[in-house]
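So you can see what is in the structure, the chains are spelled out below.
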Amino acid sequence: MSGRIELKTREQMRVMARAGVIVERALAAARAACVPGARTADVDAAAAAVIAEAGATSNFLGYHGFPATTCVSVNEEVVHGIPGDRVLAAGDLVSVDCGAVVEGWHGDSAITVIVGGDASRQDRALVAATDRALWAGIAALATADRISDVSAAIEEVADEARLHPIDGYVGHGIGTQMHQAPDVPNYRTRGRSPRVRPGMCLALEPMLVIGTDESAILNDEWTVVSVDGSRAAHWEHSVAVHEDGIWVLTAADGGASRLAEHGVVPVAP
């Protein structure tokens with residue numbers, strides 16, 4: 001994504017954190033709704049109710065015509081799945097991507113849920129490794145010189161787990177819009193990437209698959225699937241960078257519980 005990188009003040013980051021915590025609560029409701037027999041529309045409705053009750057607005061609903069509050073992607077669907085009448089079954093992998101806006105500032109986060117809590121060893125490893133890749137990228141951001149340092153940390157975890165980032169789908173800047181410069185790839189790229197600077201807010205979102213890194217878009221013009229039908233996982237957090245450190249905007253504790261594993265202590269803006 002090209003364009004000027006929007007740098008935020010610490011006060012603006014604090015507003016983004018308010019949006020982020022609402023997203024966290026909406027995803028918790030979506031997770032609880034991911035039970036055998038539920039429809040993907042039920043998952044979307046659970047998240048939408050939390051956002052509405054908080055007085056925030058959805059940044060997904062109506063985005064380039066998208067018809068729902070969340071993206072709900074099941075099994076071989078990687079991202080951008082449209083919630084509807086699909087019924088969830090035990091063992092399904094469900095990725096839920098959600099966002100909210102407070103006073104014009106955006107939050108964006110995603111989780112992957114194993115329906116019924118039981119899945120194959122391979123699927124459990126996929127979900128866990130994608131989650132680890134996200135937190136490795138966030139931890140790297142704390143000391144990164146350039147965006148490429150974050151990308152390398154994400155891909156290193158994927159390589160170790162023998163998983164593949166979906167080609168062409170990346171993280172992004174976030175702020176007064178949901179998608180802004182700069183891109184944050186989930187894999188190493190050639191060329192010099194932007195420097196990490198205080199004021200940046202970035203949405204990191206590894207999307208990993210067991211099989212090939214190639215994808216296709218279904219006839220609904222939204223849903224991205226793996227071309228070989230292999231299952232996918234997707235985790236995302238929005239993170240602020242300021243003069244004193246980083247803060248995970250879409251986690252109530254700023255990411256402290258998970259960043260401790262990496263020796264990183266988040267600092268509130």
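In this text the structure is predicted, and so the values were computed from the model without any measurement. (Residues numbered from 1 in each chain as written. Predicted model: local features only at pLDDT ≥ 70, side-chain atom pairs only at ≥ 80, totals over all residues. Heavy atoms only, no water.)

**Some thoughts on a negative patch on the surface**
On the surface, Asp167, Asp213, Glu214 and Asp228 cluster together into a negatively charged patch. In this structure aspartate 228 comes out as partly exposed when scored by relative accessible area, which is 41%. (Patch = residues over 30% accessible without salt bridge, like charges linked within 9 Å, V, L, I, M, F, W, Y side chains within 5 Å. Areas by Shrake-Rupley, 256 points an atom, 1.4 Å probe, with all protein chains shown as cover. Salt bridge = Lys/Arg side-chain N within 4 Å of Asp/Glu carboxyl O. Lys, Arg positive; Asp, Glu negative; His and termini not counted. Charge placed at Lys NZ, Arg CZ, Asp CG, Glu CD. Buried < 20%, exposed > 50% of the residue type's maximum accessible area, 1.4 Å probe, protein only.)

**Description of the packing of helix H1 (residues 10-33) against helix H2 (residues 40-53)**
Helix-helix packing: each pair is described by the crossing angle between the helix axes and the interaxial distance. Closest axis-to-axis distance for the H1/H2 pair is 8 Å, and the angle between their directions is 150°. Viewed along their axes, H1 and H2 adopt a mutual orientation that is roughly antiparallel. Helix-helix and strand crossings are classified by hand; for H1 and H2 the assignment is right-handed. Every residue of H2 that contacts H1 at Ile22, Arg25, Ala26, Ala29, Ala30 and Ala33 is listed here: Asp42, Val43, Ala46, Ala47, Val50 and Ile51. When its residues are assigned to classes, the contact of H1 with H2 shows ten nonpolar, no polar and two charged. (Axes fitted to C-alpha atoms, helices over the stretch in contact; angles between N-to-C directions. Helix = DSSP H or I, 4+ residues; strand = E, 2+ residues; numbered from the N terminus. Parallel < 35°, antiparallel > 145°, perpendicular 65-115°, else oblique. Left-handed = near helix turned anticlockwise from the far one by under 90°. Contact = heavy atoms within 4.5 Å. Nonpolar A, V, L, I, M, F, W, Y, C, P; charged D, E, K, R; others polar.)

**A few points about the layout of surface pockets**
If a probe as big as a water molecule is rolled over the atoms, it shows which places are left empty. Taken as a whole, the largest pocket encloses approximately 380 Å³ of empty space. Around the largest pocket, the lining comprises 22 residues; the ones closest to its centre are His80, Val170, His172, His179 and Glu205. Grouping the amino acids of the lining of the largest pocket by side-chain chemistry returns eleven nonpolar, six polar and five charged. Taken together, 19 residues form the lining of the second largest pocket, with Glu24, Ile111, Trp235, His237 and Thr250 sitting closest to its centre. Elements represented by at least two residues in the lining of the second largest pocket include exactly H1, strand S4 (105-114), helix H3 (121-141) and helix H5 (256-259). Per element, the largest residue contribution to the lining of the second largest pocket is four residues, and it comes from H1. (1 Å grid on protein atoms, 1.4 Å probe; cavity = no way out; pocket = protein on both sides within 12 Å on 5 of 7 lines; lining within 4 Å. Points joined across faces, edges and corners; volume = space filled by probe spheres on them.)

**Re the sheet that holds strand S3 (residues 93-102)**
Spatial ordering of the open sheet is given by S1-S3-S4, a layout of three strands whose pairing is antiparallel. At either end of the open sheet lies a strand with only one pairing partner, and these are strand S1 (70-74) and S4. Between one strand axis and the next, the sheet turns by 10° as a mean value, whatever way the strands run. Pairing analysis gives ten bridges linking S3 to S4, with the strands arranged antiparallel. (Pairing = 2+ DSSP bridges.)

**A closer look at the sheet that holds strand S8 (residues 201-204)**
Here five strands make up an open sheet; going across it, the order is S7-S6-S8-S13-S14 and the pairing antiparallel. This sheet does not close on itself; its edge strands, each paired only once, are strand S7 (180-184) and strand S14 (245-248). Here the strands of the sheet are splayed against their neighbours by 25° on average, with no regard to which way each runs. Note: S8 against strand S13 (residues 237-242), four bridges, orientation antiparallel.

**Quick look at the environment of aspartate 244**
Within the secondary structure layout, aspartate 244 lies in the loop between S13 and S14. With relative accessibility at 49%, the residue aspartate 244 sits in the partly exposed group. As a C-alpha pair, aspartate 244 and proline 269 span 25 residues in sequence and 8.0 Å in three-dimensional space. Not counting the four nearest positions on each side in its chain, aspartate 244 is found in contact with Arg10 and Val267. At 2.9 Å, the side chain of aspartate 244 forms a polar contact with the side chain of arginine 10. (Polar contact = N/O pair within 3.5 Å; in protein donor to acceptor, adjacent residues only side chain to side chain.)

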